[in-house]
Amino acid sequence: MAQNAEHVLDHVELFRGPEYQQMLANKKKMFENARDPAEVERIREWSKTPEYREKNFAREALTINPAKACQPLGAVFASVGFEGTLPFVHGSQGCVAYYRSHLSRHFKEPSSCVSSSMTEDAAVFGGLNNMADGLANSYNMYKPKMIAVSTTCMAEVIGDDLNAFIKTSKERGSVPEHFDVPFAHTPAFVGSHITGYDNALKGILEHFWDGKAGTAPKLERTPNAKINFIGGFDGYTVGNTREIKRIFDLMDVQYTILADNSDVFDTPTDGEFRMYDGGTTLEDAAKAVHAKATISAQQWCTEKTLAFIAGHGQEVLAFNHPVGVSATDELLMALSRISGKDIPEALARERGRLVDAMADSSAHIHGKKFAIYGDPDLCYGLTDFLLELGAEPVHVLSTNGNKAWHDKMQALFASSPFGQNCHAYPGRDLWHMRSLLFTEPVDFLIGNTHGKYLERDTGTPLIRIGFPIFDRHHHHRSPVWGYQGGMNVLVKILDKIFDEIDRKTSVAGTDYSFDIIR
Amino acid sequence: MSSLSARILDVFNEPGCAKNADKSEADRKKGCTKQPKPGSAAGGCAFDGAKIALQPFTDVAHLVHGPIACEGNSWDNRGSASSGASIWRTGFTTDMNETDIVFGGEKRLYKAIREILEKYNPAAIFVYQTCIPAMIGDDIHAVCKAASQKFGKPVIPVNSPGFVGSKNLGNKLAGQALLDHVIGTEEPDHTTPCDINLIGEYNLSGELWQVKPLFDELGIRILSCISGDGKYREVASSHRARAAMLVCSKSMINVARKMQERYGIPFFEGSFYGIQDSSNALRNLARVLVERGAPADLIGRTEAVIAREEARAWAEIGSYRPRLAGKRALLITGGVKSWSVPAALQEAGLELVGTSVKKSTDEDKERIKQRMGQDVHMIDDMAPRDMYKMLKGAKADIMLSGGKSQFVALKAAMPWLDINQERSHAYMGYLGIVKLVEEIDKALYNPMWEQLRRPAPWDDTARDGHPMALARTDGQAAETPALLEPSRRAKRVCLCNTVDRGTIEDAIRFHGLTSVEAVREHTDAYGGCCRRRIQDILRAMSVSEPPAMRQAAE
C-alpha cells in the first residue's frame, strides 16, 4: 500500500497513487456498469451547445446548483448582530445545524444557534411544548440577553403561531416576563436568506419600537442627529462593518449599526470562549427609532425593514452593495447631506488613491468579459464597479434576484457603453450559468466557492467574491465597500488576471511572455 | 583605463552618424550624448545600456561583475522573447563584497565563470564590467581571456562601467564588444544569397516574429539578429550576411557601419513600425539583396507581399478611423520611434501634437519634418513637470511613451499607452500597427479617464448649497465640450429608483415642471433622499432657460 505509518499521506496525494488509481479503475470496470466513454463524451459536448442551452433555459421545475440559501440562515445572521443574542430557530434541528456549519465554514468561527428540535410528534400536535422547553433550556444554559426566534419550514407548514407560543411560554415561566424574545416567520419556501435577514431584523426592531408584542408602550420618536446603518446579509460583514464605522468616525457622524455582527464572527483567541461578542446593544436597538435616517447598504436585503422604519417617520435610503468609486461617492454624499457634515480630506485622498490605482491597471481590465453570480445587491455593486473599470459584465445571474432587480440591472447596463451586450438573469441557477459560459464564453467568472466546479468544467477562471467562501480563508476580513474596499476588489480581480497570463505563458520548453514585469 | 577611454573615443567618432560628422573636432571629443546633469533626474547608465543591448542573446550567460546593486536591480528586466534557450534570464553576478573590493575581485570573477560553465555550459558568457571593479582596477579583459583559453569557451568582456556615461554610450560599447570579440569568429553552416542581419532589433514582446513569416515567405533568411532572440553562434557568424537592416539607429549604428567596412555588408536604416515603413523596409531589403546577387524575381515577389499585407492592414485600421480621427497624440519616445510611430498614428487618423526628439539624430528630425510638416512640436528634453503641464493643459488626448512617463500622464488624467520596452504588446509589422491602433482606441475610450478628470462629486456643490457645477454648465453651455454632456446627463440623481439627471431635465423641460412633487409624478424619481438634488436642478433650470415647451404651448 502507498500509505504507511512512517509517512502518512494526506488525501490530496494519497488517492492519486497507482494502487488507488488501480482500485478505482477496477471498481468502475467491474461494478459500475460504466457507459461507453465515447457516448459520455458525446453527451458532454452536446451539453455545451446552444441547442442544450435552449432546453436548459426551458427548465420549469428543477433547480440545479442554486446560488441561494434559505430564510432562517439570514435570520440567524441578523440575530447574532445584537448584544448577547441567541438565535433560536423554531423547527427541526437539522436545519439549524446547516446554518451553523455554513456560517462557521465561511467565517472560520464558532456559530452559536439553537433550535426547538421539533420531531414527528411536534409536527403532528404542534410545536408549543418544544418552544416552551426550548426557550427555558436555552435561557438557562446559555444565559443570553435576548433570544431571537425564527422558524424553519416545518413549523411554518403546520402554522405555529410564534407570537402566541412565546406568550404562552412566558406564562409557563420558560423565560422571565420582560425578557426580550423578538420573532420572525421565516419559511424557506418563500424568498431566500436575504428575505430572512429582512424579516428577522424587522422583527427585532418591531419588538423594541412597537411595544414588545403588546407588553410595553410603543416608543415615541423624538428625532435626534444619529444615523442608523444596516449592512444586510454580507459575507464581508467583518471587514465591511469596520470600514463603515471608520468612515462614520472620520466624518464625525453619530451612528448606530443595526445587527452589527462584525465582532461575533471575528472573536480573538485569548483563552476565553465568547459565545456572544459585540453587537448592537439592546438599548441602542430601541433608541434607533429616534434616528434622523436609516441607510441600508443592500436594498434587496432590507425592503420590509426600510418600509417599517420609514413608517416611523425616518428618512430611509438604500444602496446596492456599494463597490467602487461612484457607488462610494454616492454613499458618502448621502451621509454628508443627511448629517450636514463635510466629507473630510482623508476620504477624498482615499478616493484619489483608488482612482489612481484603477488608472494604473485599467488597461488590463478594459474590455475583459465577466460573468457574475450571487445575491442581487452584490451583483449590482460588482457590475457597477466593473463598468467603471471598462470591463463588460456579460452575464449577471442571481438565483434570488427578482423582476425589479432585473430591470434595475438592465438600466445599469444601459447607462454604460460597456453594458451594451450584458444581460441580467433573475431566478436562474448555476446550471444555467454553465450553459451561458459555454455558449457565450467570458474571460472571468465572479462568484462564491461553488463556482470552482464551473471553473473546472468551463475553464473560466473564478474570482472568489461572494458568500459562501469555504475554500479560501479570511477574505471576509477585508472590506469590499468604501474606497478601501474598492481597492481590495480591484486587487483581487487583477491578481487573477495576472495569474491567468502567467498560467497561459508558463509553457514548458518556451520562454516568451512569461515576464516579471506586467 | 586607457584602453577603455580610447575605445569610448572610438565609439564617439562615428562617421555613420550625421550629427557627429557635423561637429567640430573638439566637440566630437566631448562625445555625442549629454553628460548627466548632477541633481536632475537621469536615465540609465552605460552599464545598463550595454546590458539591455546584449541581454536578448538567449543562449548566453550574462555575468555581471560587481556588487549586488547592478544585477540585483536589472535582473530579467527585458521583455524580449526567446524561441529556445532561457539562460539569458538567469541572473548571474559575482555579488562582490567588502573583502573583494579590498583585495580585488578578479579571482572571484574567474571562479564565477568556471562555476557557470560547470553548472550550465552555455554557448558563451558575457562578462559585464561595473563601476566598482573598474575603480579598483579589476582587469576583466585579462580574466576573460584567461578563462576562454582555460575552458575553451567564448568568454566575452563587455567593458562598460556605469560611470563612463549614458545608456546610449553603453549600447555602443556593447556593440563594440561584439565587433571586437564575437562577430567573425565562427562560420555559418551554409549561406544563401538572401542572408541578412537585423541590427538593433530586440524582439520585444516577440514582435520580430510578427514580421518573420514575411521574410520566410520571401525566402529571406535572418542569419543573425542583434540581439533579439539571438544566438551566440549566429552573431559570431553574422559577417557572412549579404545585407543588413539597422532597426534602432541610435543603439547599434557603429556595429552596422563597421561591418560594412570590414566585411562589405551594406546596410540601410529602416523600421517595421507602421505600414509604409514596413513596406519600405521590405522593399529596401529586396533591392539591396538583388544588388548583391540575389535572384531578381525577389523584387516582384516582395511587391506582391507588400500589396497583400497593406490591403489587409488598411482594411483593419479603416474600421478604427472614425473613432480615432482628429484625436491628438503626444509622443514621448526616442530614436527611430520618433518618426516611425507618428507615421503609424497618421495612418490611423490621429493628429500628432508633439514628438520628443531627445534621442533622435538630425536625420530622424528631418524625417519627422518630412512627415509631419515643419510646424510639428519637437520636444527636445522634457522634464516631468513640463510634461505634466502640457498634458494638464489638455493639448493632447493621449500620450504614448515609455513606462517611466506613465505616472506623469496618469496624474495629469491623460490616457496613456506604453510603446517602449516594458509594453506587453507587439506593435511591429503590418499586424502590429493594427494592434497599436486597437490599444490606442481602448486607451482613449476607457471609462477611467472620465472618472480621473472629474473632481470628487461633492466638490460640485458649493458650501451654500448652490450647485456650482450646474451653474457652470448652464452659464457656459457653449463652452461645455460635447463629450461631457452625456456623462453629465447620465449622473444618477435618484439613487433609489435609478433616475438620471437627463431624464429629470427632460421631464422638467417637456412638462414645464416647477416642483419636486411634479417631478415625482412625471418620472420614477422617488423624491426622498434626492429631493434636494431635484430642487437644485429645478432652480438651475428656471434661472437658465425659459420652459421652452410652455412657451410653445402658448
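Shown above is the structure to which this text applies.
Calculation notes
- Residues numbered from 1 in each chain as written.
- Chains lettered and ligands numbered in written order.
- Predicted model: local features only at pLDDT ≥ 70, side-chain atom pairs only at ≥ 80, totals over all residues.
- Heavy atoms only, no water.
- Helix = DSSP H or I, 4+ residues; strand = E, 2+ residues; numbered from the N terminus.
- Contact = heavy atoms within 4.5 Å.
- Areas by Shrake-Rupley, 256 points an atom, 1.4 Å probe, with all protein chains shown as cover.
- Expected span 1.5 Å × (residues − 1).
- Buried < 20%, exposed > 50% of the residue type's maximum accessible area, 1.4 Å probe, protein only.
- Pairing = 2+ DSSP bridges.
- Phe/Tyr/Trp six-rings, centres within 6.5 Å; stacked < 30°, edge-to-face > 60°.
- Lys NZ or Arg CZ within 6 Å of the ring centre and 35° of its normal.
- Polar contact = N/O pair within 3.5 Å; in protein donor to acceptor, adjacent residues only side chain to side chain.
- Buried area = accessible area lost by both parts, 1.4 Å probe.
- Salt bridge = Lys/Arg side-chain N within 4 Å of Asp/Glu carboxyl O.
- Nonpolar A, V, L, I, M, F, W, Y, C, P; charged D, E, K, R; others polar.
- Axes fitted to C-alpha atoms, helices over the stretch in contact; angles between N-to-C directions.
- Parallel < 35°, antiparallel > 145°, perpendicular 65-115°, else oblique.
- Patch = residues over 30% accessible without salt bridge, like charges linked within 9 Å, V, L, I, M, F, W, Y side chains within 5 Å.
- Right-handed = clockwise from strand over helix to strand, strands pointing away.
- Core = buried A, V, L, I, M, F, W, Y, C linked by side-chain atoms within 4.5 Å.

Engineer: What is the right way to read the overall build of chain B from this model?
Structural biologist: Scanning chain B for helices and strands turns up 28 helices and 15 strands. Long-range pairs, those at least 24 residues apart, make up 69% of the contacts in chain B between residues at least 6 apart in sequence. In the structure as shown, chain B presents an accessible area of about 24000 Å², 52% of it carried by carbon and sulfur atoms.

Engineer: What's the story with helix α21 (residues 429-444) of chain B in this structure? I'm lost.
Structural biologist: Compared with an ideal rise of 1.5 Å per residue, which puts 16 residues at 22 Å, α21(B) spans 22 Å between its outermost C-alpha atoms and is within 8% of the ideal. With 12 of its 16 residues buried, α21(B) lies for the most part within the structure.

Engineer: When you look at the sheet that holds strand β2 (residues 92-93) of chain B in this model, what are you seeing that I'm missing?
Structural biologist: Across a sheet, paired strands are connected by hydrogen bonds in the backbone, their directions being either parallel or antiparallel. Residue and element names in this part refer to chain B. Pairing is parallel across the open sheet formed by four strands, whose spatial order is β2-β1-β3-β4. Edge strands, defined here as strands with exactly one partner in the open sheet, are β2 and β4 (155-158). Bridging between strand β1 (residues 60-65) and β2 involves two bridges; their strand directions are parallel. When the sheet's bridge partners are listed, Val64 is paired in β2 with Thr93.

Engineer: Would you mind showing me how to read the packing of aromatic side chains here?
Structural biologist: A complete count under the given rule lists 22 aromatic pairs over all chains for this structure. Lying across the ring of Trp458(B), Arg351(A) places its NZ or CZ 5.9 Å from the centre. The ring of Tyr380(A) has Lys408(A) sitting right over it, with the charged end atom 5.3 Å from the ring centre.

Engineer: Honestly, the side chain of His239(B) in this entry has me stumped. Any pointers?
Structural biologist: Residues and elements named next belong to chain B. Turning to its location among the elements, His239 is positioned in the loop between α12 (232-236) and β7 (243-246). The class of His239 is buried, set by a relative accessible area of 6%. At a separation of 3.1 Å, a polar atom in the side chain of His239 contacts the side chain of Glu187. One polar contact links His239 to Arg240, side chain to side chain, over a distance of 3.4 Å. The residues contacting His239, other than those within four sequence positions of it, are Ile183, Gly184, Glu186, Glu187, Met259, Tyr263 and Ile265.

Engineer: Which parts of the structure should I look at to understand the interface of chain B and chain A?
Structural biologist: When the parts of a complex come together, some accessible area is lost, and that lost area is often used as the size of the interface. The partner chain A presents 40 residues to the 36 residues of chain B that form the contact. Contact between chain B and chain A buries roughly 3300 Å² in total, counting both sides, with carbon and sulfur atoms accounting for 55%. Where chain B meets chain A, there are two salt bridges. A salt bridge links Arg89(B) to Asp511(A), with the nearest nitrogen and oxygen atoms 2.9 Å apart. For the pair chain B and chain A, the interface holds seven residue pairs in polar contact (both at pLDDT 80 or more). Of all elements in the fold, only α20 (406-411) and α22 (448-453) of chain B reach the threshold of two or more residues within the side of chain B that touches chain A. Per-element tally for the side of chain B that touches chain A: the top contributor is α20(B), with four residues. Here the residues of the side of chain B that touches chain A are counted per class, giving 18 nonpolar, nine polar and nine charged.

Engineer: Can you walk me through the side chain of Asn320(A) in this structure?
Structural biologist: Residues and elements named next belong to chain A. For Asn320, the position within the fold is in the loop between β7 (315-318) and α15 (325-339). A polar side-chain atom of Asn320 sits 3.1 Å from a polar atom in the side chain of Gln299. Of the polar contacts made by the side chain of Asn320, one reaches the side chain of Lys408; its length is 2.9 Å. Setting aside its immediate chain neighbours within four residues, Asn320 contacts Ala297, Gln299, Trp300, Asp377, Tyr380, Gly381 and Lys408.

Engineer: Could you clarify how one ought to interpret the packing of helix α14 (residues 275-291) of chain B against α21(B) in this entry?
Structural biologist: If you want to describe how two helices pack, look at the angle between their axes and the distance between the axes. Residue and element names in this part refer to chain B. Packing of α14 against α21 brings their axes to within 9 Å, and their N-to-C directions diverge by 170°. Comparing their axes, α21 and α14 come out roughly antiparallel. Contacts between α14 and α21 involve Ile275, Ser278, Ser279 and Leu282 from the first element and Gly429, Tyr430 and Ile433 from the second. Among the residues forming the contact of α14 with α21, the class breakdown is four nonpolar, three polar and no charged.

Engineer: Explain the sheet that holds strand β3 (residues 146-151) of chain A to me, please; I cannot follow it from the model alone.
Structural biologist: All names here are of chain A. A sheet is described by the order of its strands in space; here three strands give the open sequence β2-β1-β3, paired in parallel fashion. What marks the edges here is a single partner per strand, and that holds for β2 (114-115) and β3. Examined bridge by bridge, strand β1 (residues 85-90) and β2 share two bridges and lie parallel to one another. From the neighbouring strand, Val89 faces β2, where its bridge partner is Ser115. Each of β1 and β3 is contacted by helix α5 (residues 71-79), which is oriented at about 160° to β1, the strand it contacts most.

Engineer: Would you explain a nonpolar patch on the surface in this entry?
Structural biologist: Nonpolar side chains collect at one region of the surface, where Val157(A), Ile158(A), Phe189(A) and Val190(A) lie side by side and expose about 370 Å² of accessible area between them. Assessed through its relative accessible area of 33%, Ile158(A) is described here as partly exposed.

Engineer: How do you make sense of the pairing of strand β6 (residues 293-296) of chain A when you look at a structure like this?
Structural biologist: Note on strand geometry: in a regular strand, side chains alternate between the two faces of the sheet. All names here are of chain A. Covered by surrounding structure in β6 are Ala293 and Ile295 together with Thr294 and Ser296, the residues of both alternating faces. In terms of strand pairing, strand β4 (residues 227-230) meets β6 through four bridges, oriented parallel. Paired with Phe229 across the bridge in β6 is Ile295. Bridge count between β6 and β7: four bridges; the pairing is parallel. Note on β7: the bridge partner recorded for Thr294 is Val316. You can see the chain leave β6, run along helix α14 (residues 303-311) and come back into β7, and the turn it takes is right-handed.

Engineer: Teacher, can you tell me more about the nonpolar core here?
Structural biologist: Looking at soluble globular proteins, one finds that nonpolar side chains tend to be buried together. Counting residues in each nonpolar core, the largest one holds 112 residues, and the members touching the most others are Tyr197(A), Ile295(A), Leu332(A), Ile365(A) and Phe370(A). The element contributing the most residues to this core is helix α11 (residues 193-209) of chain A, with eight residues. Counting 53 residues, the second largest nonpolar core, distinct from the first, contains Leu214(B), Val341(B), Ile433(B) and Val434(B).

Engineer: Sorry if this is basic, but what is going on with the pattern of salt bridges here?
Structural biologist: A side chain with one charge may pair with a side chain of the opposite charge, provided their charged atoms come close. Residues and elements named next belong to chain A. One pass over the structure, following the stated rule, counts 57 salt bridges over all chains. We note a salt bridge from Arg274 to Glu272, for which the minimum N-O separation is 3.6 Å. A residue is classified by how much of its surface remains accessible, and Arg274, at 17% relative accessible area, is buried. Among the salt bridges present, the one from Arg351 reaches Asp329, with a minimum N-O distance of 2.8 Å. Taken as a pair, Arg351 in helix α16 (residues 345-365) and Asp329 in helix α15 lie far apart in primary sequence, 22 residues in all. Taken together, the salt bridges that share partners define one network made up of Arg242, Asp263, Asp266 and Arg477.

Engineer: Looking at this structure, how should I read the packing of α15(A) against α16(A)?
Structural biologist: Residues and elements named next belong to chain A. Contact geometry of α15 with α16 gives a least axis separation of 11 Å together with a crossing angle of 170°. Taken as axis vectors, α15 and α16 run roughly antiparallel relative to one another. Touching Val325, Asp329 and Leu332 of α15 are Leu347, Arg351, Leu354, Val355 and Met358, all from α16. Taken together, the residues of the contact of α15 with α16 sort by class into six nonpolar, no polar and two charged.

Engineer: Sorry if this is basic, but what is going on with the pairing of strand β11 (residues 444-447) of chain A here?
Structural biologist: Residue and element names in this part refer to chain A. The side-chain alternation of β11 yields two buried faces, one formed by Phe444 and Ile446 and the other by Leu445 and Gly447. Of the pairings in the sheet, the one linking β11 to strand β12 (residues 462-464) comprises three bridges and is parallel in character. Residue Gly447 lies in a different strand from β12, and its bridge partner there is Arg464. Of the crossover connections in this fold, the one passing from β11 over helix α20 (residues 451-458) to the parallel β12 is right-handed.

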